[in-house]
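# Reading the structure
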Amino acid sequence: MDSIMRLIAFLILACCSSLPRGEGIGDLKLNYYSKSCPKAEQIVKQEVVKLYNEHGNTAVSWVRNLFHDCMVESCDASLLLETTTSIVSEQSKDRSFGMRNFKYVTTIKEALERECPATVSCADIIALSAREGVVMLGGPYIPMKTGRRDSKQSHADVIDKFIPNHNDSMALVLSRFKSLGIDAERTVALLGAHSVGRVHCFNLVGRLYPTVDPTIDPEYAKYLLYRCPSPNPDPEAVLYSRNDRETPMIIDNMYYKNLLHHKGLLKVDQQLLSYPATAQFVKLMAADNSHFYDQFAKAMLSMSENNPLTGNEGEVRRDCRFVNAAA
């Protein structure tokens, strides 16, 4: 009997050890903190609402954080690590240009630490704050799973391999999202996040100078030239244009309606209408806001579950800006 039990135990261990990352015991799940920190999700929501009421643009930052963290290797809060003697922060790279409000992640983390020390990961804070940020911006509620762990290293050296540039071809953009299991339709939906926030002139002047991109509506071009009057804008100056002038702080399908009128702000935006594999979805989402919300929510979920660290992988950082000191 003992030998049989030992054989069974061996087979169970062998089976579990062969499971790929993110499956098995360490799976993400809804309400992961229901026992270890029952108020965790409520605290994140409270802090996001408070910060939104004080600084409305934070909601856009939470959505962007999820994209920039989860697109690069893993949803592991590597984005939040600051530069030290041994780490180069992802925030210092060109692909992170214009990102801000990281200090308010610390505000959320501190509230959680007061309630449940060393329990809620920074990676889950990114996911949950993105969920609440979307709601604050008028978008759909997205049932984010939790249980992620935090990376002990930055992925700054590989950012360019994962995050597409706003001037990249649509074929390249689609291939980057496909690597996460996100198809063309849901890529179109994810880019609908550009319906909120603003873009620095530094990223716009390529479409305006020395001549205006002919795909831009002439009246819209006048607005952009007014907002960005120089071909060499100061990256440190406050020189921005709104992504959507109609509903600038609401995630909705106005983004797609603007594309149909050639009012896409970035090259990657307007390409959605001219590229055969995506044009049909632009038209569909412009006509049906509910369909956009459905596809956007599903795409955000897929992104939020990209290759997470779970179980005993990584750590739960006490301060989202730095890895934990060795014990």
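What you are looking at is a predicted structure, and each value in this text was computed from that prediction instead of being measured. (Residues numbered from 1 in each chain as written. Predicted model: local features only at pLDDT ≥ 70, side-chain atom pairs only at ≥ 80, totals over all residues. Heavy atoms only, no water.)

## Quick look at empty space enclosed by the protein
For clarity, the cut-off: Residues are called lining when one of their atoms sits within 4 Å of a cavity or pocket point, these points coming from a 1 Å grid over the protein atoms alone, where a cavity is a set in which a 1.4 Å probe fits but cannot get out and a pocket is an open set with protein on both sides within 12 Å along at least five of seven lines. Grid points are joined across faces, edges and corners, and a volume is the space filled by probe spheres set on the points. What counts as a helix is a DSSP run of H or I of at least four residues, what counts as a strand is a run of E of at least two, and both are numbered from the N terminus.
Tallied over the full model, the rule gives 1 cavity of 30 Å³ or more. Space inside the largest cavity adds up to approximately 30 Å³. Considering the residues around the largest cavity, the lining is formed by Asn243, Tyr255, Asn258, Leu259, Lys263, Gly264, Leu265 and Asp269. It is helix α10 (residues 254-260) that provides the largest number of residues to the lining of the largest cavity, a total of 3 residues.

## With respect to the UniProt feature "site: Transition state stabilizer" (unreviewed entry) in the chain
Threshold: UniProt positions are given in the numbering used here, feature names are shortened, and annotations may be inferred rather than shown by experiment. A 1.4 Å probe rolled over the protein chains alone gives each residue an accessible area, and that area as a share of the maximum for its type sets the label: buried under 20%, exposed over 50%, partly exposed in between. Here, residues are in contact when the closest pair of their heavy atoms is within 4.5 Å.
Sequence positions flagged by UniProt for "site: Transition state stabilizer" (unreviewed entry) are, in local numbering, Arg64. Locating Arg64 in the fold gives a position in helix α3 (residues 58-70). Since its relative accessible area comes to 29%, Arg64 is described here as partly exposed. With sequence-adjacent residues up to four places away left out, Arg64 is seen in contact with Arg95, Phe97, Gly98 and Met99.

## Focus on the state of the cysteines
The condition is simple: Count a disulfide wherever a pair of cysteine sulfur atoms falls within 2.5 Å.
By the definition in use, this model includes 4 disulfides. Each sulfur in the disulfide pair Cys70 and Cys75 lies 2.0 Å from the other. Negative torsions about the S-S bond denote left-handed disulfides, and the value of about 130° found for Cys70 with Cys75 makes this one right-handed. Take Cys70: its relative accessible area is 1%, and that puts it in the buried class. Between the sulfur atoms of Cys122 and its disulfide mate Cys320 the distance is 2.1 Å. Here the S-S torsion is close to -95°, and the disulfide linking Cys122 with Cys320 is therefore left-handed. Of the two residues, Cys122 sits in helix α5 (residues 122-136) while Cys320 sits in the segment after α13 (289-304), which places them 198 residues apart along the sequence. Residue classification places Cys122 among the buried positions, given a relative accessible area of 0%. The exposure class of Cys320 is buried, given its relative accessible area of 3%. Take the cysteines of the chain that form disulfides and number them in order along the sequence; they join up as 1-4, 2-3, 5-8, 6-7.

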